[in-house]
Amino acid sequence: MATRIAAYVSVGREPGTGQILDALADRGVTVLLPVVLPDLDLDWAPYTGSKALVTATRGLLEPSAKPLGPDAVTTADVILVPALAVDRSGYRLGQGGGCYDRALARVAGRAFTCALLHEGELLDLPLPRDLHDVPVHAVATPSGVQRLR
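Worth saying up front: this structure is predicted, and the values here are computed from it rather than measured. (Residues numbered from 1 in each chain as written. Predicted model: local features only at pLDDT ≥ 70, side-chain atom pairs only at ≥ 80, totals over all residues. Heavy atoms only, no water.)

Colleague: Whenever I open this one, the sheet that holds strand 9 (residues 112-116) confuses me. Can you help?
Modeller: Sheets are built from strands paired through backbone hydrogen bonds, the pairs being either parallel or antiparallel. Ordered in space as 3-2-1-6-9-11-12, the seven strands form an open sheet in which the pairing is mixed. Bordering the open sheet on either side are strand 3 (42-46) and strand 12 (144-147), each of which pairs with just one other strand. Going from strand to strand, the sheet's axes swing by 25° on average, the running direction of each strand aside. Together, strand 1 (4-6), strand 2 (30-36), strand 6 (78-82) and strand 9 form the strand contacts of helix 1 (residues 18-26), whose direction differs from that of strand 2 by roughly 135°. (Pairing = 2+ DSSP bridges. Helix = DSSP H or I, 4+ residues; strand = E, 2+ residues; numbered from the N terminus. Axes fitted to C-alpha atoms, helices over the stretch in contact; angles between N-to-C directions. Contact = heavy atoms within 4.5 Å.)

As structure tokens, then:
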């Protein structure tokens, strides 16, 4: 029922998001994708199809559409978040830049947040965390979605 979803373009060994992005766009959902700023904060731009993605810093793919500003994420109903691992409290291990923690702090619980993981990346042991870390509500793996908080 979400009409606006913030997501990301998967790279490397991250769970693939290409089909998800296209399926959401085909259903008329507005999809926002991150644009990494020089200070590692995230701006957001609309997804207009895979042909409109451009190579950016850090080997990422970003939308070529005009960015809407870092606060655009606050208009999302759902945020799909990348992670290397997530613990049962919802704390995630990312790439270390803090990009998504800043974005999630802006949302402050107003959107449902879900990390996309491979099997085995939801951990029973707690991950290290800092004061700025923001937990996600759920994780999605090939075997299903698990709500964490």
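Colleague: Help me understand the sheet that holds strand 7 (residues 85-87) in this model?
Modeller: Spatially, the three strands line up as an open sheet ordered 8-7-10, and their pairing is mixed. The open sheet is flanked by strand 8 (92-93) and strand 10 (122-123), the only strands paired with a single partner. Two elements, strand 7 and strand 8, share two bridges in a ladder whose sense is antiparallel. Residue pairing across strands places V86 opposite R92, the latter belonging to strand 8.

Colleague: Could you clarify how one ought to interpret the side chain of H137 in this entry?
Modeller: Counting through the fold element by element, H137 comes out in the loop between strand 10 and strand 11 (138-141). You can call H137 buried: its relative accessible area is 12%. Setting aside its immediate chain neighbours within four residues, H137 contacts A111, F112, T113, Q146, R147, L148 and R149. (Buried < 20%, exposed > 50% of the residue type's maximum accessible area, 1.4 Å probe, protein only.)

Colleague: Help me understand the layout of surface pockets in this model?
Modeller: Take a probe with the size of a water molecule and roll it over the atoms, and the empty space left behind shows itself. Size it by volume and the largest pocket reaches roughly 630 Å³. Along the wall of the largest pocket there are 28 residues; nearest its centre are R92, G94, Q95, G96 and Y100. If you tally residues by element for the lining of the largest pocket, the top one is helix 2 (residues 99-107), at three residues. Taken together, the residues of the lining of the largest pocket sort by class into 14 nonpolar, six polar and eight charged. By volume, the second largest pocket is sized at about 240 Å³. At the level of secondary structure, the elements contributing two or more residues to the lining of the second largest pocket comprise helix 1, strand 6 and strand 9. Ranked by the residues each element gives to the lining of the second largest pocket, the list is headed by strand 9, at three residues. (1 Å grid on protein atoms, 1.4 Å probe; cavity = no way out; pocket = protein on both sides within 12 Å on 5 of 7 lines; lining within 4 Å. Points joined across faces, edges and corners; volume = space filled by probe spheres on them. Nonpolar A, V, L, I, M, F, W, Y, C, P; charged D, E, K, R; others polar.)

Colleague: Help me understand the packing of aromatic side chains, please; the structure alone is not making it clear to me.
Modeller: How two aromatic rings sit relative to each other is given by the distance of their centres and the angle of their planes. Throughout the structure, instances matching the rule amount to one aromatic pair. Their ring planes at 85° and their centres at 6.2 Å tell us that W44 and Y100 sit as a pair that is edge-to-face. In this pair, W44 is assigned in strand 3 and Y100 in helix 2, connecting sequence segments 56 residues apart. Neither residue differs from the other here; W44 and Y100 are each classed as buried. (Phe/Tyr/Trp six-rings, centres within 6.5 Å; stacked < 30°, edge-to-face > 60°.)

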